[in-house]
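Structure at a glance
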Amino acid sequence: GGSNGILNFYDVGVPTAPVLKGSLNLISEIRQVRIKGSRVYAVQNSVYMRIIDISNLAAPSLMSSTSTGSTTYAIDVYDNIAFVGRNGAYVYVYDVLNGTIPVSKGAKSLGVGTIQDVRVDGASGLLYAVVDNGSSSYLAVLDVHDYNNIVEIGRVTVPGTPRRVEIAGDKV
């Protein structure tokens with residue numbers, strides 16, 4: 001995705017010669033995308049979580065646009081549940097089994113700041129969120145086993161302005 005809102009799809013079967021297969025104009029800056037199966041989940045500088053069907057890369061189609069109420073920055077999806085991070089340090093939870101009609105399952109406030117990235121570890125049921133809060137930025141660890149009752153179980157201060165989080169085994 002890009003700052004112009006164009007989401008391009010490439011065939012990289014030959015890594016030295018990527019081929020543009022299709023694109024979709026989502027109008028505003030795309031902050032983050034996750035690909036799960038034949039779907040792309042995207043959040044934008046606007047207030048939307050978008051779900052795109054890419055079963056036909058030559059003609060990707062928008063399945064849904066869901067307002068999160070404020071600027072979105074991050075998304076991760078596990079087991080048909082989307083976790084969306086937005087400004088105000090909120091994590092919003094959506095059931096996306098039916099991609100045309102996502103169902104809100106609630107939200108969790110982490111206090112202050114802007115969630116820049118979220119990652120779900122399906123094996124442990126934990127969600128990691130990096131939150132930019134100026135000089136007091138942090139990594140929050142949330143138990144999302146029961147996404148109707150998300151519990152923050154840990155927090156550590158992160159220097160600087162964190163933007164991304166990755167999970168590799170027991171390392172974050």
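Above: the structure in question.
Remember, predicted model here, so these are calculated numbers, not experimental data. (Residues numbered from 1 in each chain as written. Predicted model: local features only at pLDDT ≥ 70, side-chain atom pairs only at ≥ 80, totals over all residues. Heavy atoms only, no water.)

Turning next to the environment of A42. Looking at the element boundaries, A42 is found in strand β4 (residues 39–44). Spatially, the C-alpha atom of A42 lies 25 Å from that of A17, the residues being 25 residues apart in sequence. (Helix = DSSP H or I, 4+ residues; strand = E, 2+ residues; numbered from the N terminus.)

Let us now look at the sheet that holds strand β14 (residues 151–157). With respect to topology, 4 strands assemble into an open sheet ordered β11-β12-β13-β14, the strand pairing being antiparallel. Unpaired on one side and paired on the other, β11 (114–121) and β14 mark the two borders of the sheet. Across this sheet, the average inter-strand angle for adjacent strands is 20°, counted without regard to direction. Bridge count for strand β12 (residues 126–132) against strand β13 (residues 138–143) is 6 bridges, and the pairing is antiparallel. The residue bridging V130 from the neighbouring strand is L139, located in β13. (Pairing = 2+ DSSP bridges. Axes fitted to C-alpha atoms, helices over the stretch in contact; angles between N-to-C directions.)

If you walk through the whole model with that rule in mind, you get 1 aromatic pair. Between the aromatic rings of Y90 and Y92, the centroid separation amounts to 5.9 Å while the plane-to-plane angle is 45°, which identifies the pairing as tilted. Here the basic side chain of R155 rests over the ring of Y138, its NZ or CZ set 3.9 Å away from the ring centre. (Phe/Tyr/Trp six-rings, centres within 6.5 Å; stacked < 30°, edge-to-face > 60°. Lys NZ or Arg CZ within 6 Å of the ring centre and 35° of its normal.)

The backbone of I27 shows a phi angle near 80°, a positive value even though the residue is not glycine. You can see I27 is positioned in the loop between β2 (19–25) and β3 (30–36). Backbone geometry places A89, a non-glycine residue, at a positive phi of 60°. Tracing the chain through its elements places A89 in the loop between β8 (81–86) and β9 (90–95).

Read from one edge to the other, the open sheet built from 4 strands follows the order β7-β8-β9-β10, with strand pairing classed as antiparallel. Lying at the two open borders of the sheet, with one neighbouring strand each, are β7 (72–78) and β10 (103–109). Here the strands of the sheet are splayed against their neighbours by 20° on average, with no regard to which way each runs. Here β9 pairs with β10 via 6 bridges, running antiparallel. By the bridge assignment, Y90 is partnered in β10 with S109.

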